[in-house]
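Observations on the three-dimensional arrangement
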Amino acid sequence: MAVLINKNTKIMVQGITGTQASFHIKRSIDYGTNIVCGVTPGKGGITHLGVPVFDSVKEAYNKTQADTTILFVPGTSVKAATMESLEAGIKLIVCISNNVPVHDMLFIRNALKKTDTVFIGPETPGIITPDEARLGIFPLNLFSRGKIGILSRSSTLTYEAVLAVNKAGFGQSSVIGLGDGMIIGMDFVKSLELLCQDDETQAIVMIGQQYGEFEEEGAKWYKSQKSRKPVICYIAGSDVDENGHTIEYPLKNKLQFMRDCGIIVADELPQIYEKLISLDLK
Amino acid sequence: MDIHEYQAKKILNNFGVLIPKGRIAYTPLEAQKIAEKSSGSGMVVKAQIHSSDRLNGHFIEKSAGIGGGIRFAGTPQEVGSQAKAMLGATLVTSQTSPKGKTVSKVYVEEFCDCRKTFYFAMTINRTAARIELRLGNIEKETPKIQHDSFFTIPLETAEVTYQETLKGAEYLGVEAAKFHQFIAGVLQSFIKSEAIMIEINPAGVMPNGDIIALDAKMVLDDAALFRHKELSRLIDEDEITPLKRRAAINGFVYHEYDGYIGCIVNGDGLALAMKGLLKDDTACTLNLKGGVDRDKIAAGIKLIATNAKVEGIIINIIGGFLRCDLIADGIIDAAAEVGMNVPLVVRLEGTNSLEARNILNHSGLNFLMCETTLEAVQKILIAAREAG
């Protein structure tokens, strides 16, 4: 079973004609991802990367039934692009864009409350179900299908987690970049729940950030569950700021909170691998 | 983006928040003239640097005298002499580095006799995605606010309700109608300026019950400044170190520490993870983010290669958006221009990493190629020791 996306998921690309989108979407198509159309206002009617381009999300959705979208639009256009997707009835939005204004994210999170659409990001490298669908900017040839699920609030460290899983010989069931942004859509609670329900996933690697309480919320949910898969957590951060002053809520307190909720903590990056090989998996 | 107290107060006042009468001064004479024109019973001279806790700070120079960055003065002459003491001197606070910050301007404002003061902040709760108020009663005996003892009020919508106001007013023991007006003004400033944080520490209650912002700190959202040209002009370039500024021009993030190994990475998380492994040996980290321009990448690498503190460089890139072949080109361009006079360890993984390795292997450049972050850290420490 795959989480969120599989090889049959019909995907549209908002901002498909941009340079970065073109580079990465071509790779996704080559990977076998079911990209069915793109949207770039003003360029409706053309064919790009072998798929039709439409002027609006609504038109694209009506013509192709693609209910998943990936945003490659500038951060300043994310709010408008998201609202357009929500109105068209899109079920899953993956937002690659960075520099999304914080108050726009407040607005988006409020709009999402009235729907059951899942918004991932912003500033996410995307999501991938290895050997089925790649939705984002992940490097290729890094992933292999297996039994570890990865959730991450840090783009680059997602890849470090993938490499650690590979080295441990396990492979990934699903990799979900939750986004580096200050305010994100899908959080650890929802994503841990998805991976815990997924039969293929036997253990989870969770990469957090020092600021914001997304990790604590996820850990609290995890603690409340009766049967639990092992979760290994790594958070890059510090107990002091750049000037050497102790931070109001130092990293060590956050990590202790995670431990108290039953989560396995990797104190330094290489320990993700060490904790993985110490797991007793089927 | 951080802005100064006088700038934040002006924004707040535009949205109806009461502030003491004040003006900015760049010279002691200007400061004195402001005081001469004032009708207040006394004045406050306040150093304008980006830092809280200026009152309890100290100056490095003896000429600045004893006392922090906020000083009280009775007469215009006193205002002039306090301004003279502070201007050009270096203020160290509990938030600045031990090197402190140079004071280049002071804010001169009328002293405001308040019967009560309290802590007030408006922040964003990231997980709940909503704006929140944080309140604290300031006790005369222990004037420092404990950060875990805030009274928090979540604001459900962009308009503050009377119920929300009442909870806060009861907690602080202030008049609800006046407090409502105060919150509404701060909230408008927060939303219209797209702030991430506004801290008023302290706010004061005047004899007639009016609530006034005695201090103000405001952080604006960089990503939203394109909508607020007037606010983007509030940037104070003197507050940013030259290296940070040079990094920011290219869209990079630079952090400096006390060690001797320079790290070039992509991603804040990876920068912090490297710092975690290198610990006190870290001289600096430069996050190239998603940089996709060869010239900019070369400029970033030059920034580290020409840093006198750096005795060894790690370039650790896991490319997703950022293509490794561009990094390789950037390394070669930078080396050709400024030379690579210290040991260099390179780890390239991800998008176009094979092409990148090929480019570097044929460049004639002297470097060590590594497979993992841990290996890169171990190798550079050995190489730097041998070279030193």
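Residues numbered from 1 in each chain as written. Chains lettered and ligands numbered in written order. Predicted model: local features only at pLDDT ≥ 70, side-chain atom pairs only at ≥ 80, totals over all residues. Heavy atoms only, no water.

Let us look at the overall build of chain B. When helices and strands are tallied, chain B shows 12 helices and 20 strands. Taking the principal axes of its C-alpha atoms as reference, chain B extends roughly 75 × 50 × 40 Å. Within chain B, the fraction of its 388 residues that count as buried is 55%. In chain B, of all internal contacts separated by at least 6 residues, the share reaching a separation of at least 24 is 67%. Only carbon and sulfur atoms are counted for the fraction: they give 52% of the accessible area of chain B, which is about 17,300 Å². Distance between charge centres in chain B, computed from 43 positive and 47 negative side chains, equals 3 Å. (Helix = DSSP H or I, 4+ residues; strand = E, 2+ residues; numbered from the N terminus. Buried < 20%, exposed > 50% of the residue type's maximum accessible area, 1.4 Å probe, protein only. Contact = heavy atoms within 4.5 Å. Areas by Shrake-Rupley, 256 points an atom, 1.4 Å probe, with all protein chains shown as cover. Lys, Arg positive; Asp, Glu negative; His and termini not counted. Charge placed at Lys NZ, Arg CZ, Asp CG, Glu CD.)

Attention now moves to the domain arrangement of chain A. Interfaces are often sized by the amount of accessible area the parts lose when they come together. All names here are of chain A. According to the domain assignment, chain A contains domain 1 (11-120) and domain 2 (142-277). With centres defined by C-alpha atoms, the gap from domain 1 to domain 2 works out at 27 Å. Opposite the 8 residues of domain 1 that make contact, domain 2 presents 11 residues. Of the roughly 700 Å² buried where domain 1 meets domain 2, counting both sides, 73% is carbon and sulfur surface. A per-residue breakdown of the area domain 1 buries against domain 2 is headed by Val-102, Arg-109 and Ile-120, which together make up 55% of the total. Summed over the shared surface of domain 1 and domain 2, the result is 2 residue pairs in polar contact (both at pLDDT 80 or more). Elements supplying a minimum of two residues to the side of domain 1 that touches domain 2: helix 4 (102-113) and strand 7 (118-120). Examining the composition of the side of domain 1 that touches domain 2, we find that 4 residues originate from one element, helix 4, more than from any other. Across the side of domain 1 that touches domain 2, the residue classes tally to 7 nonpolar, no polar and 1 charged. (Domains from an automatic or database assignment. Buried area = accessible area lost by both parts, 1.4 Å probe. Polar contact = N/O pair within 3.5 Å; in protein donor to acceptor, adjacent residues only side chain to side chain. Nonpolar A, V, L, I, M, F, W, Y, C, P; charged D, E, K, R; others polar.)

This next bit is on the packing of helix 5 (residues 155-167) of chain A against helix 8 (residues 268-278) of chain B. Where helix 5 of chain A contacts helix 8 of chain B, the axes come no closer than 5 Å and their chain directions differ by 65°. Each of Thr-156, Leu-157 and Glu-160 of chain A in helix 5 of chain A lies in contact with helix 8 of chain B, whose residues at this interface are Gly-269, Leu-270 and Ala-273 of chain B. Of the residues in the contact of helix 5 of chain A with helix 8 of chain B, the class split is 3 nonpolar, 2 polar and 1 charged. (Axes fitted to C-alpha atoms, helices over the stretch in contact; angles between N-to-C directions.)

Attention now moves to the packing of aromatic side chains. Under the definition given, this model contains 11 aromatic pairs over all chains. When the ring of Phe-120 of chain B is compared with that of Phe-179 of chain B, the centres are 6.2 Å apart and the planes differ by 85°; the resulting orientation is edge-to-face. Here Phe-120 of chain B is found in strand 9 (residues 116-125), whereas its partner Phe-179 of chain B is found in helix 5 (residues 176-192), with 59 residues between them in sequence. Among the residues examined, Phe-120 of chain B registers a relative accessible area of 0% and is labelled buried. By the ring-pair criterion, three or more aromatic residues cluster together here, those being Phe-118, Phe-120, Phe-179 and Phe-182 of chain B. Just above the ring of Phe-107 of chain A sits the side chain of Lys-79 of chain A; from NZ or CZ to the centre is 4.2 Å. The residue whose ring lies beneath Arg-323 of chain B is Phe-23 of chain A, and the NZ or CZ to ring-centre distance is 5.3 Å. (Phe/Tyr/Trp six-rings, centres within 6.5 Å; stacked < 30°, edge-to-face > 60°. Lys NZ or Arg CZ within 6 Å of the ring centre and 35° of its normal.)

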